[in-house]
Amino acid sequence: MMRFRLVPAVLLCACLAGLAACGDADAEAGGTRATAPSPSTTTPSTTTPSATTPSAGGATGDKALCDTVNAAAAAMKGSISDAQQANGAVAPADAKDAFTTFHRAVTEALVFAPDTDVATATRAVADEIAKAAAADDPIGTAADSGFAGLGSTLTDACKAAGATIDF
């Protein structure tokens, strides 16, 4: 019998809702888009053709990486909310799918990311989500992990880079 944990699911959803709600603030303030810059705005000496492809993997700067993480977290939160049953439980398979999709999107974005505090914090969050996705109880594992602290570190790193997120 699989054990469902209502409180961790609600707490995780609340954390992810905060992250998802902050994505438009940077765009309204004239922030960068989550897609990679066009070839005309990049320096030829540091840009490869694959780095200019508009995709999650094309996020090259800290602000773009923060935007990508924000979008991936919003999608993850949406998937978890959609999978939530009437009693508030989320089936482990649904949570694993949502966490795996988040991890894949963030990992692709990190391929071209420079080695910065934002990238380091993003990797830590992605690694923690990957551990939760591999667990028998993904929601409980995420809730019991250091996810909240890692999210705070990511929020601070993005803020220092000029991107506003609330993780």
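Note that the structure is predicted; figures quoted are calculated from it, not measured.

1. Focus: the overall build of the protein chain
On a plain count of helices and strands, the protein chain comes out with seven helices and zero strands. Mapped from its N terminus to its C terminus, the protein chain presents α and β elements in the order α-α-α-α-α-α-α. Across the 167 residues of the protein chain, 42% fall into the buried class. Here the analysis covers contacts within the protein chain between residues at least 6 apart in sequence; of these, 73% occur between residues at least 24 apart. If you sum the accessible surface of the protein chain, you get close to 8200 Å²; carbon and sulfur atoms cover 57% of it.

2. A few points about the nonpolar core
One finds L65, F99 and F102 to be the most contacted residues of the largest nonpolar core, which totals 34 residues. Elements with a minimum of two residues in this core: α3 (62-83), α4 (92-110), α5 (117-134), α6 (138-144) and α7 (147-160). Once residues lying within four places of it in the same chain are set aside, the contact partners of F102 are V69, A72, A73, M76, V125, A126 and I129.

3. Looking at the confidence of the model for the protein chain
Scored by pLDDT, the protein chain comes out at a mean of 74, with 63% of its residues at no less than 70. Counting interchain partners and residues more than four positions distant, the pLDDT-below-50 stretch residues 1-11 has 21 contacts. pLDDT under 50 marks residues 13-58. Its contacts with residues more than four places away, or in other chains, come to 70 contacts.

4. Remarks on the side chain of T122
Positionally, T122 belongs in helix α5. Of note is the side chain of T122, whose polar atom sits 2.7 Å from the backbone oxygen of V118. The contacts of T122, once residues within four sequence positions are left out, are L65, V69, V106, L110 and L154.

5. As for the environment of I80
Mapping I80 onto the fold places it in helix α3. Of the residues examined, I80 reaches a relative accessible area of 0% and is grouped as buried. Residues I80 and D97 lie 17 residues apart in sequence; the distance between their C-alpha atoms is 9.1 Å.

6. Some thoughts on α5
Under the 1.5 Å per step criterion, the end-to-end length of α5 is 26 Å for 18 residues, consistent within 8% with the ideal 26 Å. Considered for burial, the residues of α5 that qualify are V118, A119, A121, T122, V125, A126, E128, I129, A132 and A133. Elements in contact with the buried residues of α5: α3, α4, α6 and α7.

7. Points about the environment of A124
Looking at the element boundaries, A124 is found in helix α5. For A124, a relative accessible area of 26% gives the class partly exposed.

Calculation criteria
Residues numbered from 1 in each chain as written. Predicted model: local features only at pLDDT ≥ 70, side-chain atom pairs only at ≥ 80, totals over all residues. Heavy atoms only, no water. Helix = DSSP H or I, 4+ residues; strand = E, 2+ residues; numbered from the N terminus. Buried < 20%, exposed > 50% of the residue type's maximum accessible area, 1.4 Å probe, protein only. Contact = heavy atoms within 4.5 Å. Areas by Shrake-Rupley, 256 points an atom, 1.4 Å probe, with all protein chains shown as cover. Core = buried A, V, L, I, M, F, W, Y, C linked by side-chain atoms within 4.5 Å. pLDDT = per-residue confidence, 0-100. Polar contact = N/O pair within 3.5 Å; in protein donor to acceptor, adjacent residues only side chain to side chain. Expected span 1.5 Å × (residues − 1).

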